[in-house]
Amino acid sequence: LEQEALSKVEEASTIKELQDVRVAYLGKKGPITEVLRGMGKLSPEERPIIGELANTVRANIANAMEEKKDAMERAELEKQLAEEQIDVTLPGRPVAVGGPHLLTSIVEEIEDLFIGLGFEVREGPEVETDYYNFEALNLPKGHPARDMQDSFYITEDLLMRTHTSPVQARTMNAIQGARPVKMICPGKVYRRDTDDATHSHQFTQIEGLYVDKNVRMSDLKGVLDRFAKHMFGEDREIRLRPSFFPFTEPSVEMDISCKVCNGEGCSVCKKTGWIEILGAGMVHPRVLEMAGYDPNEYSGFAFGMGPERIAMLKYGVDDIRHFYTNDVRFLKQYHQA
Ligand code: PHE
């Protein structure tokens, strides 16, 4: 019996088969249990002998099974280890690393500068009411200057904002003359333009607004001069030319000098040596008034610039569409290490 059981254990090739052998030989209905159960029928002299024998056989079978089970488990583990072996000498697969978009970097650089000058950063909705986009900026319905910015209308009263200037009106309106305002607002704007190298139906602007007692044109000029030098280099100069915006009076356009000098001499970007980069002016008294500020007490300046244009000038990007088509080869050129 012992021999038979041991060879069955030996033959078993799975844990399940081993289990079956255990049930067959050591189980409640197995031969050994049967022998032990029949002990009562034996003579007192036979009992210890048969009993000991039965126990030894049972222990031997159980031991063999234990060993077999251990061996199987070891083999299983080894097989698994072999299968899951990793070749640490294989070269790794490169992980593509992203970085901020050029436009994001420029906007953040400009934000950082103005935060340093005490401006807070605000936001406003891209879907804007006619009131904030135009009327609150001194552009009543039917005003010819509305045509300066061809708009995408959604309903008669809602449109995609054509500039970030409505955030000026919103910010002042929320405060109603209770305190000064010093903010910039970056964001997307939309115009019905045909896309080409210098036009896009959607682009970015950064608005600036500073309203306080005694804000003067010279304050505007000082801030813009700092901005130009920070973005383009300390050797740059600015010049303000008279212009027109309904929400500022007087209004100006700012040019930066684009004379670049090196060891071999100087070269000039345009014939004039100046290039236009933003619109600005002193906040129109009517705009202050509509937003709850007393124009006799408060004055302010505002400006609006296009970060795409600034990035194009700073990095020599020749087509505004590069910012939106997201060709990775273009984007990668501007990732700082
Ligand atoms: N909103 C004007 C534009 O989009 C720019 C501007 C802003 C001009 C603030 C003056 C003051 O052209």
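Calculation notes
- Each residue is numbered by its place in its chain's sequence as written, counting from 1.
- Reporting in this predicted model follows two pLDDT cut-offs: at least 70 for local features of residues, and 80 or more for side-chain atom pairs to be given and counted; totals over whole chains, interfaces and linings ignore these cut-offs and use all residues.
- With hydrogens and water set aside, each side-chain value is computed from the structure's full complement of heavy atoms.
- Proximity is defined per residue: any heavy atom of the residue falling within 4 Å of a molecule or strand makes that residue near it.
- Nitrogen and oxygen atoms within 3.5 Å of one another constitute a polar contact, given that in protein one can donate a hydrogen and the other can accept it, and given that sequence-neighbouring residues count only through two side-chain atoms.
- Here the Shrake-Rupley method, with its probe set to 1.4 Å, supplies the accessible areas, and only the displayed protein chains count as covering residues.
- For helices, the fitted axis covers only the stretch in contact; all axes are lines through C-alpha atoms, and the angles between them, taken along N-to-C directions, range from 0 to 180 degrees.
- Note on conventions: DSSP H or I runs of at least 4 residues are helices, E runs of at least 2 residues are strands, and numbering of each starts at the N terminus.
- Here is the rule for angles: anything less than 35 degrees is roughly parallel, anything more than 145 is roughly antiparallel, 65 through 115 is roughly perpendicular, and the remaining ranges are oblique.
- Residue contacts follow a heavy-atom distance rule, with two residues in contact if any of their heavy atoms lie within 4.5 Å.
- Side-chain classes are defined by residue name, with Ala, Val, Leu, Ile, Met, Phe, Trp, Tyr, Cys and Pro counting as nonpolar, Asp, Glu, Lys and Arg as charged, and the others, Gly among them, as polar.
- Two strands are said to pair when DSSP picks up at least two bridges between them.
- UniProt positions are given in the numbering used here, feature names are shortened, and annotations may be inferred rather than shown by experiment.
- Two kinds of site are reported from a 1 Å grid over the protein atoms alone, namely cavities, where a 1.4 Å probe fits but cannot get out, and pockets, open sets with protein on both sides within 12 Å along at least five of seven lines, and residues are called lining when an atom falls within 4 Å of a point.
- Grid points are joined across faces, edges and corners, and a volume is the space filled by probe spheres set on the points.
- Burial here depends on accessible area, computed with a 1.4 Å probe over protein chains only, as a share of the maximum for the residue type. Under 20% is buried, over 50% is exposed, and the range in between is partly exposed.
- A side-chain nitrogen of Lys or Arg and a carboxyl oxygen of Asp or Glu constitute a salt bridge if their distance falls within 4 Å.
- Note on aromatic pairs: the rings of Phe, Tyr and Trp (six-membered ring only in Trp) are paired at centre separations within 6.5 Å, and the planes decide the class, stacked below 30 degrees, edge-to-face beyond 60, tilted for the rest.

1. Concerning the site of the ligand
By nearness alone, 15 residues border the ligand, and His 163, Ser 165, Arg 191, Gln 205 and Glu 207 come closest of all. In the environment of the ligand, a nitrogen atom lies 3.0 Å from a nitrogen or oxygen atom belonging to the side chain of His 163. One of the side-chain N or O atoms of Ser 165 is found 2.9 Å from a nitrogen atom in the ligand. Protein burial of the ligand: of its 320 Å² of free accessible surface, 92% is covered by the chains.

2. Concerning the packing of helix α5 (residues 102–116) against helix α10 (residues 307–315)
Contact geometry for α5 and α10: axes closest at 10 Å, N-to-C directions at 100 degrees. The orientation of α5 relative to α10 falls into the category roughly perpendicular. Packed against α5, whose contacting residues are Leu 102, Leu 103, Ile 106, Val 107, Glu 109 and Ile 110, the element α10 presents Pro 307, Glu 308, Ile 310, Ala 311, Lys 314 and Tyr 315 at the interface. The class makeup of the residues in the contact of α5 with α10 is nine nonpolar, no polar and three charged.

3. Structural notes on the sheet that holds strand β4 (residues 181–190)
Spatially, the seven strands line up as an open sheet ordered β1-β4-β5-β11-β10-β7-β6, and their pairing is mixed. Every interior strand has two partners, whereas the edge strands, β1 (120–121) and β6 (238–245), have only one. Where β4 meets strand β5 (residues 202–212), ten bridges bridge the pair, whose relative direction is antiparallel. Looking across to β5, one finds that Lys 182 is bridged to Tyr 210.

4. Quick notes on the UniProt feature "binding site: Mg(2+)" (unreviewed entry) in the protein chain
Under the present numbering, the feature "binding site: Mg(2+)" (unreviewed entry) in UniProt falls on Glu 249. Topologically, Glu 249 is positioned in strand β7 (residues 248–257). Residues in contact with Glu 249, not counting those within four places in the same chain, are Met 282 and His 284.

5. Here's the deal with the layout of surface pockets
Using a probe with the size of a water molecule, rolled over the atoms, empty space left in the structure can be pinpointed. Volume-wise, the largest pocket comes out at about 960 Å³. For the largest pocket, the lining is made up of 38 residues, of which Arg 191, Phe 203, Gln 205, Glu 276 and Arg 309 are closest to its centre. Elements with a minimum of two residues in the lining of the largest pocket: β5, β6, β7, β10 (274–283), β11 (299–305) and α10. Of the residues forming the lining of the largest pocket, the biggest block, seven residues, is contributed by β10. In terms of residue class, the lining of the largest pocket is built from 15 nonpolar, 15 polar and eight charged.

6. Some thoughts on the pairing of β5
Counting buried positions along β5 yields ten of eleven residues, so the element is predominantly enclosed. Bridge count between β5 and β11: seven bridges; the pairing is antiparallel. When the sheet's bridge partners are listed, Glu 207 is paired in β11 with Gly 304.

7. Topic: the side chain of Gln 205
On the secondary structure map, Gln 205 appears in strand β5. Polar contacts involving the side chain of Gln 205 include one to the main-chain amide nitrogen of Thr 164, which spans 2.9 Å. The contact partners of Gln 205, leaving out residues within four places of it in the chain, are His 163, Thr 164, Cys 185, Pro 186, Gly 187, Val 189, Arg 191, Met 305 and Pro 307.

8. Observations regarding the pattern of salt bridges
In the structure shown here, the tally under the stated rule is 19 salt bridges. Across the pair Lys 213 and Glu 297 runs a salt bridge whose closest N-O atoms are separated by 3.2 Å. Of this pair, Lys 213 sits in the loop between β5 and α8 (217–232) while Glu 297 sits in the loop between α9 (285–290) and β11; the two residues are 84 residues apart in sequence, bridging distant segments of the chain. For Glu 297, a relative accessible area of 41% gives the class partly exposed. The partner of Asp 319 in a salt bridge is Arg 321, and the shortest N-O contact between them spans 2.8 Å. The class of Arg 321 is partly exposed, set by a relative accessible area of 36%. Beyond isolated ion pairs, a larger network of salt bridges with shared partners links Arg 239, Arg 241, Glu 253, Asp 255 and Glu 276.

9. Structural notes on the packing of aromatic side chains
Evaluated as defined, the whole model comprises 13 aromatic pairs. Ring plane angle 85 degrees and centroid distance 5.0 Å describe the contact between Tyr 293 and Tyr 298, whose orientation is recorded as edge-to-face. The exposure class assigned to Tyr 298 is buried, which follows from its relative accessible area of 6%. The structure contains a cluster of three or more aromatic residues connected by ring pairs, namely Phe 114, Phe 119, Tyr 210, Phe 227, Phe 301 and Phe 303.

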